[in-house]
Amino acid sequence: MKAAWFETVGAASEVIEVGQRDTPSPAAGEVLVAIKASGVNPSDVKTRAGARGPIAYPYLIPHSDGAGVIEAVGEGVDSNRVGQRVWIWNGAWKRQFGTCAEYISVPEKMAVKLPDNTGFDAGACLGIPASTACYGLFADGEIEGQTVLVTGGAGAVGHYAIQLAKWAGARVITTVSNEDKAARAKASGADHVINYKSGNTTEAILDAAGGRNVDRVVEVEFGGNMDVTNQVLRPGGTIATYGSMANPTPSIPFYDMMFNGTTLRMFLVYLLQGQERTMVCDRVNAALEGGALTHEIAQSFSLSDTVSAHEAVESGTIIGNIVVTT
């Protein structure tokens, strides 16, 4: 099969190779998926660049997200799954063989049925961006009637969080850094879009919320936004955070947050297990089937041009998702 891989970490142009590798065979409990699209996420390029340390294998086929068609099944898997369109989560999470190849073999639970109304390129955006948004919103129950703050509303996760929150009956306030991103967040369905680089962000959020505090925050930058977040969150509210790049070691105002009854939920979507994972997959698919989600595919690259796909993600200038097609 054709695949992209790297044997050591470093710059994309220096370490990524594209060529032929053995086609995998599904073991017991696994399915063999013919990949049609592979999602390239920031975590993928960080792993390749060395931010996670050296790789644990002789070589690594990258990318955790993908979508394709089941071509074969291993022992114990219903043969009726052959021919099923699926999306994949955790393809390269603590695994040697990710989705940046013509084929991948994964445990069958990691290949989720892809609704018929959803293309493969969109399916390659569900394992990390859409699933992160979904868990951040629904990890603690229903949000109908609540006011949700989504920080970074033009980002890949923010784009899905806005849509999923509106689908669930919430009012959505989001923050962005410029007018172009504001237009994109508004197009996603946000009720109020606030440019945090212009004016008093705290006042703007409270004004958008009608003078009340927000119920829940889906937070892309916990440390950097903490001062604002703690001022706009209602007593007993929840911060669900999946990132803190600008301030990776924040000092938490413990007593202020304790006396506000704040729930702080830190999570990594790769680690979802059991009912958490089932909830996310079911809700994402329900939203897809209901036509509630649009997908921001910024650029698509061929498998032979995987280097350029990684460089596009690393540029920091792309708004939306990057996919590699086979």
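The preceding data block contains the structure.
No experiment lies behind these values; they were computed from the predicted model shown.

Trainee: Can you walk me through helix α6 (residues 179–188) in this structure?
Mentor: At 3.6 residues per turn, the α-helix brings residues three or four places apart onto the same side. Those residues of α6 that sit buried are A182, A185 and S188. Each buried residue of α6 sits inside an arc of 120° when the element is viewed along its axis, so together they form one side. Turned more than 90 degrees off the buried face of α6, the exposed positions are E179 and A187. Lining the buried residues of α6 we find α5 (156–167), β9 (171–176) and β10 (192–195). Measuring from the backbone nitrogen of D180 back to the side-chain oxygen at the start of α6 gives 3.2 Å, which picks out N178 as the cap.

Trainee: Please explain the pairing of strand β5 (residues 85–88) as it appears in this structure.
Mentor: For a regular strand, the rule is simple: side chains alternate between the two faces of the sheet. As paired strands, strand β4 (residues 65–73) and β5 are joined by four bridges and run antiparallel to one another. Its bridge partner being in β5, G68 is matched across the sheet by V86.

Trainee: Looking at this structure, I do not really get the pattern of salt bridges. What am I missing?
Mentor: Two side chains bearing opposite charge may form a pair once their charged atoms approach each other closely. According to the stated counting rule, one finds ten salt bridges in the structure shown. Between R283 and E142 there is a salt bridge, and its shortest N-O distance comes to 2.5 Å. Pair noted here: R283 is in helix α10 (residues 274–289) and E142 is in the loop between α4 (126–138) and β8 (147–151), with a separation of 141 residues, a long-range link. One salt bridge in this structure joins R184 and D180, with 3.8 Å as the shortest N-O distance.

Trainee: Would you mind going over the sheet that holds β9 with me for this structure?
Mentor: Backbone hydrogen bonds hold the strands of a sheet together, and the pairing may be parallel or antiparallel. On the basis of which strands lie adjacent, the open sheet formed by six strands has the order β10-β9-β8-β11-β12-β13 and parallel pairing. Of all strands in the sheet, those bounded by a partner on one side alone are β10 and β13 (263–266). On average, adjacent strands in this sheet sit at an angle of 15° to one another, irrespective of strand direction. Against the sheet, α4 engages β8, β11 (214–219), β12 (233–241) and β13, with an angle of about 155° to β11.

Thresholds applied
Residues numbered from 1 in each chain as written. Predicted model: local features only at pLDDT ≥ 70, side-chain atom pairs only at ≥ 80, totals over all residues. Heavy atoms only, no water. Buried < 20%, exposed > 50% of the residue type's maximum accessible area, 1.4 Å probe, protein only. Helix = DSSP H or I, 4+ residues; strand = E, 2+ residues; numbered from the N terminus. Arc of directions from axis to C-beta. Contact = heavy atoms within 4.5 Å. Polar contact = N/O pair within 3.5 Å; in protein donor to acceptor, adjacent residues only side chain to side chain. Pairing = 2+ DSSP bridges. Salt bridge = Lys/Arg side-chain N within 4 Å of Asp/Glu carboxyl O. Axes fitted to C-alpha atoms, helices over the stretch in contact; angles between N-to-C directions.

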